[in-house]
Amino acid sequence: MARRLGTSITETARLVGCSQSAVVSIYAKWINEGDTSSRRQGVDRTRVTKEKGRRRLSRWVKQNRRQTVAQLTAQYNAGPRASVSEHTVQRTLLDMGLCSRRPTRVPLLTKRHRQQWSREHRDWTMDEWNRVASSDESRFLIHHVDGRVRVRRLPGELLLPTCTAGHTQAGDGGIML
């Protein structure tokens, strides 16, 4: 507006508090395009999730690796801090390296494993076997499981028990009888 009113480039730069070259380029952009807004998103924006919030998210993920972004967002927003979107939580988790991946499949016991176990325990006495508890438990699913379970893990956490397919969380839709 100052340039339109005939103010010099030097005077306009002093009024606005920027360099003369910035005044020239912004004025030229306004003349040519009719717009001076920048298309760059997120420039000079402060992060909503500060370092403390990132540590909190990391701790929650490590407590339950099967939580969805929606669940983590709800948990984050239940706290005293500013509310964040699911997109922000997802981007923060990706920045921290906590990608959502399929759980690692751990191989089942092979015939060789069973034979080795049998050889190691064939000489056990009745007293030793009496100290072993056995049960006829069966697991029944309460809710439908579609097999699309995901866990959040860092690259080096591949075989942690909480990152494998055989690990179950309490309240995951099954009951033992």
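What comes next is a walk through the structure. (Residues numbered from 1 in each chain as written. Predicted model: local features only at pLDDT ≥ 70, side-chain atom pairs only at ≥ 80, totals over all residues. Heavy atoms only, no water.)

1. Points about the overall build of the protein chain
Threshold: Each helix corresponds to a stretch of at least 4 residues labelled H or I by DSSP, and each strand to a stretch of at least 2 residues labelled E; elements are numbered beginning at the N terminus. With a 1.4 Å probe rolled over the protein chains alone, any residue whose accessible area is under 20% of its type maximum counts as buried; one over 50% counts as exposed, and the rest are partly exposed. Every residue pair with non-hydrogen atoms within 4.5 Å of one another is taken to be in contact.
Looking only at helices and strands, one finds 7 helices and 4 strands in the protein chain. Order of helices (α) and strands (β) in the protein chain, N terminus to C terminus: α-α-α-α-α-β-α-α-β-β-β. With 177 residues in all, the protein chain has 19% of them scored as buried. Residue pairs at least 24 apart in sequence account for 66% of intrachain contacts in the protein chain once pairs closer than 6 positions are excluded.

2. Focus on the nonpolar core
So the rule is basically this: The nonpolar core is taken to be a set of buried Ala, Val, Leu, Ile, Met, Phe, Trp, Tyr and Cys residues, with the residues joined through side-chain atoms within 4.5 Å.
Among the nonpolar cores identified, the biggest contains 10 residues, and these are Leu57, Trp60, Val61, Val69, Leu72, Tyr76, Val84, Val89, Leu93 and Leu98. If you list the elements that add at least two residues to this core, you get α3 (51–63), α4 (69–77) and α5 (86–95). Setting aside chain neighbours within four positions, we find tryptophan 60 in contact with Gln67, Leu72, Gln75 and Tyr76.

3. What to know about the packing of aromatic side chains
Formally: Between rings of Phe, Tyr and Trp, where Trp is taken as its six-membered ring, a pair exists when centres lie within 6.5 Å; planes separated by under 30 degrees are stacked, by over 60 edge-to-face, and by other angles tilted.
Scanning all chains against the criterion turns up 3 aromatic pairs. Between the aromatic rings of tryptophan 117 and tryptophan 129, the centroid separation amounts to 6.1 Å while the plane-to-plane angle is 65 degrees, which identifies the pairing as edge-to-face. Of the two residues, tryptophan 117 is situated in helix α6 (residues 111–121) and tryptophan 129 in helix α7 (residues 126–130); the sequence distance between them amounts to 12 residues. Residue classification places tryptophan 117 among the partly exposed residues on the basis of a relative accessible area of 45%. The exposure class assigned to tryptophan 129 is partly exposed, which follows from its relative accessible area of 33%. Between the aromatic rings of tryptophan 124 and tryptophan 129, the centroid separation amounts to 4.8 Å while the plane-to-plane angle is 50 degrees, which identifies the pairing as tilted. Judged by its relative accessible area of 31%, tryptophan 124 is partly exposed. Put simply, the rings of Trp117, Trp124 and Trp129 touch in pairs and so form one group of aromatic residues.

4. Quick word on the packing of α3 against α5
Worth spelling out the cut-off: Structural elements are reduced to axes, namely lines fitted to C-alpha atoms, with helices fitted over the stretch in contact, and the angle between N-to-C directions of any two is expressed from 0 to 180 degrees. Each angle is binned into one of four classes, with values under 35 degrees roughly parallel, values over 145 roughly antiparallel, values of 65 to 115 roughly perpendicular, and all other values oblique. Throughout this entry, Asp, Glu, Lys and Arg are counted as charged residues, while Ala, Val, Leu, Ile, Met, Phe, Trp, Tyr, Cys and Pro are counted as nonpolar. The remaining residues, Gly among them, count as polar.
Packing of α3 against α5 brings their axes to within 11 Å, and their N-to-C directions diverge by 80 degrees. By the angle between their axes, α3 is roughly perpendicular relative to α5. Two secondary-structure elements touch here, α3 through Arg54, Leu57 and Val61 and α5 through Val89, Thr92, Leu93 and Asp95. Partitioned by chemical class, the residues of the contact of α3 with α5 number 4 nonpolar, 1 polar and 2 charged.

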